[in-house]
Amino acid sequence: MGHFNHLFGLVVIVLVYDVTAQPHWMLPVQKPQPLHSAQLLQPNVPPPAAPSDKCQVEQGEKIQCGTRDITADQCNNINCCFDGQQCYYGKAVTVQCTRDGQFVVVVARDATVPHIDVDSVSLLSSNGPSCAPVDFTTAYAIFQFPVTACGTTFKEEDDYVVYENHLSSSYEVGIGPRGSITRDSHFELLFQCHYSSTAVEALVMEVNAIPPPMPVTAAGPLRVELKVGNGYCRSKGCVEAEVAYNSFYTPDDYPITKVLREPIYVQVNILERSDPNIILKLEHCWATSTPSPQSLPQWDLLVNGCPYDDDRYLTALVPVDGSSGLQYPTHHKRFIIKMFAFVDKNTFAIQKDMVFIHCATAVCYPSSTDSCEHSCHRQRRATMMKNSSQRALVSSGEVILTNLRT
């Protein structure tokens, strides 16, 4: 696995502690209780702001932060959460340094969007059992190790001694014939402990550079357009997939941003045709990382009008019939994909944050021998091609990967 420099939806909390060698965290009551903590110090550096839902942790998943008798103010000062009875870690990644030279890193499942698999988190130099998580739950992974172990680097800066290490997560990659993608969150955490004669500081540095988006347009000889739905639920009980196509992004809205696995509601439709008998066919839909439909890498979305079988998150076809309220339902095709990122086929490093969707379309004319109805269990590409005298290639605007759900 290569070196990665992308960080999806990660919330980082900076903490400073003055504690002894004992672990100062405590797992939920259903698990064996680890060791207790000593006195905590207020941070020497101001922490970054945390999202408002950071403290919305289920009772059974809470891990105690600090001692049992810690006050609400003390708990807030060290950027943990307090529910009136208990101080606990929030939905974040928390880095702590101890006076006797220990790193403590607590990684929350909900620190990324989509949620990270805490079993996949590890130090880049995990040479020995002491570098593995000392414990974990379904919601948290907990690391504690000496600042001189597990590949930690050492340097001197002015009056400080700096220890630095690197935490990373693995992710699943789908490999196709013309490209590779992932829909799993991945993050890297570069963290430091600064020691001086009077202070201990925990610092977190992160790299999260997304190139500036470029405008894109694409057109084909047949008047066909590709649009992305942006309708959303306004009432309880609403089904998002049913209202997503009520409105669409306009050209001025691009580039649009999505997080990994967030649904993208795609519609392709014929323009300026009033023949109610013709049927729009999607012969092939795919994604690229540039505006050019021929560029590589590519990832198939629909093949012969059907979901690409080798995708773990299959494209979902959305029926369009008379109940849709459209004047010519057969002039429209709809499908839903889950947002992904392109990765390098050799190193599996996340390579591209931009996705462009393309569809090769055709107009089918029903006849006595071909109804133009397409079944994904019994593909009829040859007949469709025979009756399709008009074709067009249509592309979307730019969809870029973002860190935070809006």
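Above this text you will find the structure in question.
Since this is a predicted model, take the numbers as computed values, not measurements. The residue numbering used here restarts from 1 in each chain and proceeds along that chain's sequence as written. Residues qualify for local features only when their pLDDT is at least 70, as the model is predicted, and side-chain atom pairs are given and counted only at 80 or more; totals for whole chains, interfaces and linings, by contrast, use all residues. Each side-chain value is derived from all of the structure's non-hydrogen atoms; neither hydrogens nor water enter the calculation.

1. As for the sheet that holds strand E23 (residues 316-318)
Sheet strands line up and pair through hydrogen bonds in the backbone, either parallel or antiparallel. Just so we agree on the cut-off: Strand pairing follows a simple DSSP-based rule, namely that at least 2 bridges must link the two strands. For helices the rule is a DSSP run of H or I covering at least 4 residues; for strands it is a run of E covering at least 2, with both sets numbered from the N terminus onward. For helices, the fitted line uses only the C-alpha atoms of the stretch in contact; every axis is such a line through C-alpha atoms, and the angle between N-to-C directions lies from 0 to 180 degrees.
Read across the open sheet, the 4 strands follow the order E17-E19-E24-E23; overall the sheet is antiparallel. Lying at the two open borders of the sheet, with one neighbouring strand each, are strand E17 (224-229) and E23. Each strand axis lies, on average, 25° off the axis of its neighbour in the sheet, ignoring direction. Two elements, strand E19 (residues 263-270) and strand E24 (residues 332-338), share 7 bridges in a ladder whose sense is antiparallel. Directly across from Asn-269, in E24, lies its bridge partner His-332.

2. Notes on the nonpolar core
Using the following cut-off: Remark: nonpolar core denotes a set of buried residues (Ala, Val, Leu, Ile, Met, Phe, Trp, Tyr, Cys) joined through side-chain atoms within 4.5 Å. Here the term buried applies to any residue with accessible area under 20% of the maximum for its type, exposed to any over 50%, and partly exposed to those in between, with areas from a 1.4 Å probe on protein chains only.
The biggest cluster of nonpolar side chains holds 29 residues, and the ones touching the most others in it are Ile-264, Val-268, Leu-301, Phe-335, Phe-340 and Ile-357. Contributions of two or more residues to this core are made by E17, E19, strand E20 (279-288), strand E21 (298-303), E24 and strand E27 (354-364). In terms of nonpolar packing, the next biggest core, distinct from the first, is built from 24 residues, Phe-103, Val-118, Cys-150 and Tyr-195 among them.

3. Here's the deal with the packing of aromatic side chains
How we decide: Between the rings of Phe, Tyr and Trp (Trp by its six-membered ring), a pair exists once the centres lie within 6.5 Å; its type follows the angle of the planes, with under 30 degrees stacked, over 60 edge-to-face, and the other angles tilted. Comment: the charge-over-ring label is applied if NZ (Lys) or CZ (Arg) is within 6 Å of the ring centre and within 35 degrees of the ring normal.
Counted under the stated rule, the structure contains 9 aromatic pairs. Geometrically, the ring pair formed by Phe-103 and Phe-145 is tilted, given 5.3 Å between the ring centres and 40° between the ring planes. Here Phe-103, found in strand E7 (residues 102-108), pairs with Phe-145, found in strand E10 (residues 140-146); they are 42 residues apart in sequence, far enough to count as distant. Look at Phe-145 and you get buried, because its relative accessible area is 1%. Ring-pair connections join several aromatic residues into one group, and the members of that group are Phe-103, Phe-145 and Phe-191. For the cation-ring pair, Lys-62 lies above Tyr-88, with the distance from its terminal atom to the ring centre recorded as 4.4 Å. Sitting above the plane of the Phe-248 ring, Lys-227 keeps its charged end 4.1 Å from the centroid.

4. Remarks on the pattern of salt bridges
The line we're drawing: Any Lys or Arg side-chain nitrogen located within 4 Å of an Asp or Glu carboxyl oxygen qualifies as a salt bridge.
By the definition in use, this model includes 7 salt bridges. The closest approach of N and O atoms between Asp-110 and Lys-91, which form a salt bridge, is 3.7 Å. Separated by 19 residues along the polypeptide, Asp-110 in the loop between E7 and strand E8 (121-123) and Lys-91 in the loop between strand E5 (87-88) and strand E6 (93-97) bring together distant segments of the chain. A salt bridge links Arg-109 to Asp-110; the shortest N-O distance between them is 3.3 Å. Several salt bridges converge on common partners, so that one network encompasses Glu-61, Lys-91, Arg-109 and Asp-110.

5. Regarding the state of the cysteines
What counts, and what does not: Count a disulfide wherever a pair of cysteine sulfur atoms falls within 2.5 Å.
Within the structure shown, the criterion is met by 7 disulfides. Here Cys-55 is linked by a disulfide to Cys-81, with a sulfur-sulfur distance of 2.1 Å. In this structure the cystine formed by Cys-55 and Cys-81 twists about its S-S bond by roughly -80°; its chirality is therefore left-handed. Taken together, the positions of Cys-55 in the loop between strand E2 (25-26) and strand E3 (64-65) and Cys-81 in strand E4 (residues 81-82) put the pair 26 residues apart, joining distant regions of the chain. Judged by relative accessible area, which is 27%, Cys-55 ranks as partly exposed. Note on cysteine connectivity: Cys-306 is disulfide-linked to Cys-376, with sulfurs 2.3 Å apart. Across the disulfide from Cys-306 to Cys-376, rotation about the S-S bond amounts to roughly -105°, and the bridge is consequently left-handed. One end of the pair, Cys-306, is in strand E22 (residues 306-307); the other, Cys-376, is in the loop between E27 and helix H3 (381-387), with 70 residues separating them in the sequence. A relative accessible area of 32% means that Cys-376 is categorised as partly exposed.

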